[in-house]
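# Observations on the three-dimensional arrangement
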Amino acid sequence: MSLVQAGLIAVLFSVGTFLVLHRSLTRIILGVGLLGNGVNLLILTSGSVPGDVPILGEGGTELTDPVPQALVLTAIVIGLAIVAFLLSVAYRSWTIDGNDVVEDDISDRRIAADPGVDEDFGEET
Amino acid sequence: MTGGLALFVAAPLAGTALCYVFARNTALQRAVAVTVTLGVTVASVALLVHVDTVGPVTTSMGGWPDAISITFVADRLAALMLVVGNVMMFAVLVYAIGQGARDERSPWYAPAYLALVAGVSGAFLAGDLFNLFVCFEILLMASYVLLTLEGNDDQIRSGTTYVVLNVVESLVLVTGVALVFATTGTLSMAELPDRLAALPDGVALGLSLLLLIAFGLKAAVFPLFSWLPDSYPAAPSPVSAVFAGLLTKVGVYAILRTQTQWFPDTNRTLLLVVAAATMVVGVLGAIAQADIKRILSFHIVSQIGYMIAGIALGGVAAVAAVVFYVVHHIPVKTSLFLVDGVVEQDEGTSQLDRLSGLARRSGLLAVLFLVPALSLAGLPPFSGFVGKLGIVTVGLDQGEWWIVAVALTVSILTLVSMMKIWTGAFWGAAPERQRVGVLRHHPLMAAVTWFVVALTIGVALFAGPIYSFAERTADDLRPGPAATTGTGAP
């Protein structure tokens, strides 16, 4: 694994993580895309040092391991489907209430909205 | 049976394609879905018998060598999970057809449901780590669609959390896959135990934690459970029933495989603490809720803790207890959600403060709720007692008294929260505005609920044979490298 590749993976992971931590779904989608690319590069580098083309280079000694390339191909397709689905969720969220902010859990909001929650907690019935 | 394992994934996927073709014809879609799920259910029972009497079955795609081809492996554990999973999938499908809710009549319900069947079956049968990841993606993708099918405000809100967290989980999982491949040079589940045992301890620990985080989020263990109680109640009852019964258990299945076979005893203390926290937080969350679905959703988390505790304790006896616990838990949890679906269909709500006196109006419905509820709490005549007894016995044998104390306390608290549903919804006087004795649910819904509750009673009645099967299963899972490294649990 070359240092450049390692550095690139590190950058993709860190930027992706930063974006995923946002509240806006659009930024999360961008983050997922970057993280996905980071992971794909990681898989590619896991196949040890790059060598000749796996199939054409028959007979050569320095062959690239073809397995990670097959894995990356699958991972890319899955990543595409996930991003497409997330985009449609973001669009739907926008048509419903005009934004794509990821909201809080119902319980969290209920507790946050109720200043007297300590007195009657668990007494809903 | 050799060569046929791919059918458990291929048949539902072909059904998915057919359902897309018949998108305008709900009746035809239902016929395809019922035929396919019934077919794979029958086939998986045959597979279970075959695996138990003859031995594990392996299928490699395309004639490639085992190490690099797509491999499906059915050992006792996989075959058992396949049977339980497919029976539940079939039952819930019939229930959903009976209910005929808005989302079930959507042209995209049947295809997504069949894709879910394919993903769950594939995850149980996967013979290599990447294949497991792909099957996880299939089932997650199908679950995203089912969860947000109506596309209303509530579903999009909770669906967003669910989707984003599971997407991040997938990325962690695939990172784990890449690092496992980088360090061991293989992804085959048959070869990994030996290769992983040869790694330095620190590397193995890192890999095990990475996989544990990925599968732990799927299984909803303590710090990673918060998506579950929020997203499951937003789905329609049949969908949340099948999610509650099966999806988290796929995560437990993956943890069981990886932690017992690949990293024996690596994370014992961590897993025990996580298990205790999962049990306690889950049940306390359940007690605080005021909606049947939300109470039941928190219970999923709590019950996962018992399974993780068994996995943490390790050894053949503990794994046998976990296998039995999972087999008991899936129909129990599913049936509770199915009962909730009937209540919602009749009353239009699952909020406890708007329900009362259901037992007076339908004694049978009350029985249908009470049997799995008491079983979940672990009272003696029911299947939950046997499962909890197994885990508690192993805990005492290994001197981990504190996890036993936590498990028993949580069991009492489970009973408390079940009684909360009982007193809130079933007990008391029927409100006067309702006509007594008129229940509006479809007979198919009641029939399926009866069937699943009967299954939970069956698990209790045949606890002996099932437990001895679980012990044989656990014996298969005895960690391979344990003999060389001397890490076998007592």
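Source: prediction; values computed, not measured.

How each quantity is defined
Each chain carries its own residue numbering, running from 1 in the direction its sequence is written. As a convention, the first chain written is A and the first ligand written is 1, with the rest following in written order. In keeping with the model being predicted, local features are shown solely for residues with a pLDDT of at least 70 and side-chain atom pairs are shown and tallied solely at 80 or more, while totals for entire chains, interfaces and linings include all residues. Numbering goes from the N terminus for both helices and strands, where a helix is a DSSP run of H or I of at least four residues and a strand is a run of E of at least two. In this scheme the burial state of a residue depends on its C-beta neighbours within 10 Å: 20 or more other such atoms mean buried, 12 or fewer mean exposed, and anything in between means partly exposed; the C-beta positions come from the backbone. Whether two residues are in contact is decided by their C-beta atoms, placed from the backbone, lying within 7 Å. Each radius of gyration is computed over the set of C-alpha atoms, and the globule rule expresses the reference value as 2.2 Å times the number of residues to the power 0.38. Gly falls in the polar group here, along with every residue not listed as nonpolar (Ala, Val, Leu, Ile, Met, Phe, Trp, Tyr, Cys, Pro) or charged (Asp, Glu, Lys, Arg). Every residue is assigned a pLDDT by the predictor, reflecting its confidence on a scale from 0 to 100. An expected span of 1.5 Å times one less than the residue number is assigned to each helix. Orientation is described by lines fitted to C-alpha atoms, with helices fitted over the stretch in contact, and by angles between N-to-C directions that extend from 0 to 180 degrees. Should an angle fall under 35 degrees it is called roughly parallel, over 145 degrees roughly antiparallel, and 65 to 115 degrees roughly perpendicular, with every other angle called oblique. The sense of a crossing depends on the near helix, which, turned anticlockwise from the far helix by less than a right angle, makes the crossing left-handed and, turned clockwise, makes it right-handed.

### Overview of the overall build of chain A
Counting its secondary structure elements, chain A contains five helices and zero strands. Along its sequence from the N terminus, chain A presents helices and strands in the succession α-α-α-α-α. Residue burial in chain A is summarised as follows: out of 125 residues, 25% are buried. Taking contacts inside chain A between residues at least 6 apart in sequence as the whole, the part at least 24 apart equals 51%.

### Quick word on the overall build of chain B
Looking only at helices and strands, one finds 20 helices and two strands in chain B. For chain B, whose C-alpha radius of gyration is 21 Å, the value lies close to the compact-globule estimate of 23 Å for 490 residues. Summarising its shape, the C-alpha atoms of chain B cover approximately 70 × 55 × 40 Å along the three principal directions. Looking at chain B residue by residue over its 490 residues, the buried ones come to 62%. Considering only residue pairs separated by 6 or more positions, chain B has 81% of its internal contacts joining residues 24 or more positions apart.

### Observations regarding the interface of chain A and chain B
Contacts between the two partners involve 32 residues from chain A and, on the opposite side, 34 residues from chain B. Taken together, the elements giving at least two residues each to the side of chain A that touches chain B come down to α2 (25–45) and α3 (66–97) of chain A. In terms of residue count, α3(A) provides more of the side of chain A that touches chain B than any other element does, 14 residues in total. For the side of chain A that touches chain B, the per-class residue count stands at 22 nonpolar, six polar and four charged.

### A look at the environment of A:Leu80
All names here are of chain A. Within the element layout of this structure, Leu80 appears in helix α3. The class of Leu80 is exposed, set by 12 C-beta atoms lying within 10 Å. Taking the C-alpha atoms as reference, Leu80 lies 8.6 Å from Gly33; in sequence the two are 47 residues apart.

### Quick notes on the confidence of the model for chain A
The share of residues in chain A with pLDDT of 70 or more is 78%, and the mean pLDDT across the chain is 80. With pLDDT under 50 throughout, residues 121–125 of chain A is counted as low confidence; its partners more than four residues away or in other chains account for eleven contacts.

### Brief notes about helix α16 (residues 383–397) of chain B
The α-helix advances 3.6 residues per turn, and as a result positions three or four apart in sequence lie on the same side. Residue and element names in this part refer to chain B. Over its 15 residues, α16 extends 22 Å from the first C-alpha to the last, a length consistent with the 21 Å expected when each residue adds 1.5 Å. For α16, the set of buried residues is Ser383, Gly384, Val386, Gly387, Lys388, Gly390, Ile391, Val392, Val394 and Gly395. The secondary structure elements touched by the buried residues of α16 are α12 (292–313), α13 (316–347), α15 (363–377), α17 (401–426), α18 (443–461) and α19 (463–476). Directly after α16, the chain includes Gly399, whose backbone phi takes a positive value near 75°.

### Remarks on the packing of helix α5 (residues 129–147) of chain B against helix α10 (residues 237–262) of chain B
When two helices pack together, their arrangement is given by the angle between the helix axes and by the axis-to-axis distance. Residue and element names in this part refer to chain B. The contact between α5 and α10 brings their axes to 12 Å, and the two run at 160°. In terms of their interaxial angle, α5 and α10 are classed as roughly antiparallel. Between α5 and α10 lies a crossing of left-handed hand. Together, Leu132, Leu139, Ser143, Leu146 and Leu147 of α5 and Val239, Phe243, Leu247, Val250 and Ala254 of α10 make up the contact between the two elements.

### Comments concerning the environment of A:Leu73
With respect to the secondary-structure elements, A:Leu73 resides in helix α3. Considered as a pair, A:Leu73 and A:Ser2 are 71 residues apart in the sequence and their alpha carbons are 21 Å apart.

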